[in-house]
Amino acid sequence: MELFSFIPSYSHTGHLLLLVLFIFSGAMGVLGGADLFRSRPLASLPGTLLFVCTSLLFAAGFLWICWFHYHIYLHLPLELPDHFGEMLNRQLALMNK
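Residues numbered from 1 in each chain as written. Predicted model: local features only at pLDDT ≥ 70, side-chain atom pairs only at ≥ 80, totals over all residues. Heavy atoms only, no water.

> Is there a simple way to think about the overall build of the chain in this case?
Looking only at helices and strands, the chain features 3 helices and 0 strands. Each helix and strand of the chain, ordered N terminal to C terminal, gives the series α-α-α. Taken against the 2.2 N^0.38 rule, which gives 13 Å for 97 residues, the C-alpha radius of gyration of the chain at 23 Å runs more than 25% over that of a compact globule. Across its three principal directions, the C-alpha atoms of the chain cover 70 × 45 × 15 Å. Every one of the 97 residues in the chain was classed for burial, and the buried ones make up 10%. Considering only intrachain contacts with a sequence separation of at least 6, the fraction spanning at least 24 residues in the chain is 68%. Taking the average location of the 4 positive side-chain charges in the chain and that of its 5 negative ones, the two points are 21 Å from each other. (Helix = DSSP H or I, 4+ residues; strand = E, 2+ residues; numbered from the N terminus. Rg over C-alpha atoms; globule rule 2.2 N^0.38 Å. Buried < 20%, exposed > 50% of the residue type's maximum accessible area, 1.4 Å probe, protein only. Contact = heavy atoms within 4.5 Å. Lys, Arg positive; Asp, Glu negative; His and termini not counted. Charge placed at Lys NZ, Arg CZ, Asp CG, Glu CD.)

Encoded structure:
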């Protein structure tokens with residue numbers, strides 16, 4: 001398995017998830033806007049189901065981002081080149097004087 005081979009699938013799935021969230025949120029906005037001018041809700045059950053689905057999609061997206069960052073943590077070396085580390089230490093020593 002190639003390192004970070006999951007990134008293209010992550011990107012495509014993320015775009016799809018954003019598109020679905022945009023559509024669901026737009027529909028909720030339309031239903032909410034229509035309910036502002038009515039004494040009784042226009043579509044109570046569909047609006048509630050839409051809200052629940054959108055909330056679950058947001059939670060799934062958050063978990064997907066957590067999974068992605070966990071894989072970055074596991075596979076990405078966070079080491080500085082030697083010359084950069086020395087230069088950074090000199091800069092920090094100068095700032096601490």
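> Would you take a moment to explain the confidence of the model for the chain for this structure?
Reading predicted coordinates in detail is not appropriate for stretches of low pLDDT. When the pLDDT values of the chain are averaged, the result is 81; 91% of them are 70 or greater. For the chain, helix H1 (residues 7–36) is the element with the lowest average pLDDT, namely 81, and helix H3 (residues 82–96) is the one with the highest, namely 87. (pLDDT = per-residue confidence, 0-100.)

> For this particular structure, what's the right way to read the layout of surface pockets?
Space left empty within the atom packing is revealed by a probe, the size of a water molecule, rolled over the atoms. Approximately 220 Å³ is the volume attributed to the largest pocket. Those elements giving two or more residues to the lining of the largest pocket turn out to be H1 and helix H2 (44–75). Tallying contributions element by element places H2 first for the lining of the largest pocket, with 7 residues. (1 Å grid on protein atoms, 1.4 Å probe; cavity = no way out; pocket = protein on both sides within 12 Å on 5 of 7 lines; lining within 4 Å. Points joined across faces, edges and corners; volume = space filled by probe spheres on them.)

> Any chance you could explain the environment of Phe68 here in plain terms?
By secondary structure assignment, the location of Phe68 is in helix H2. When the C-alpha atoms of Phe68 and Leu49 are compared, they prove to be 28 Å apart, with 19 residues separating the residues in sequence.

> What am I meant to see in H2 here?
In an α-helix, one full turn covers 3.6 residues, which means residues spaced three or four apart are oriented alike. Between its first and last C-alpha, H2 extends 47 Å over 32 residues, near the 46 Å set by a 1.5 Å rise per residue. Buried residues of H2: Gly47, Leu50, Thr54, Gly61, Phe68 and His71, and no others. (Expected span 1.5 Å × (residues − 1).)

> Looking at this structure, I do not really get a nonpolar patch on the surface. What am I missing?
A contiguous nonpolar surface patch, about 530 Å² in accessible area, is contributed by Leu80, Phe84, Met87, Leu88, Leu92 and Met95. Structurally, Met95 can be placed in helix H3. Residue Met95 is classed as exposed on the basis of its relative accessible area, which comes to 58%. (Patch = residues over 30% accessible without salt bridge, like charges linked within 9 Å, V, L, I, M, F, W, Y side chains within 5 Å. Areas by Shrake-Rupley, 256 points an atom, 1.4 Å probe, with all protein chains shown as cover. Salt bridge = Lys/Arg side-chain N within 4 Å of Asp/Glu carboxyl O.)

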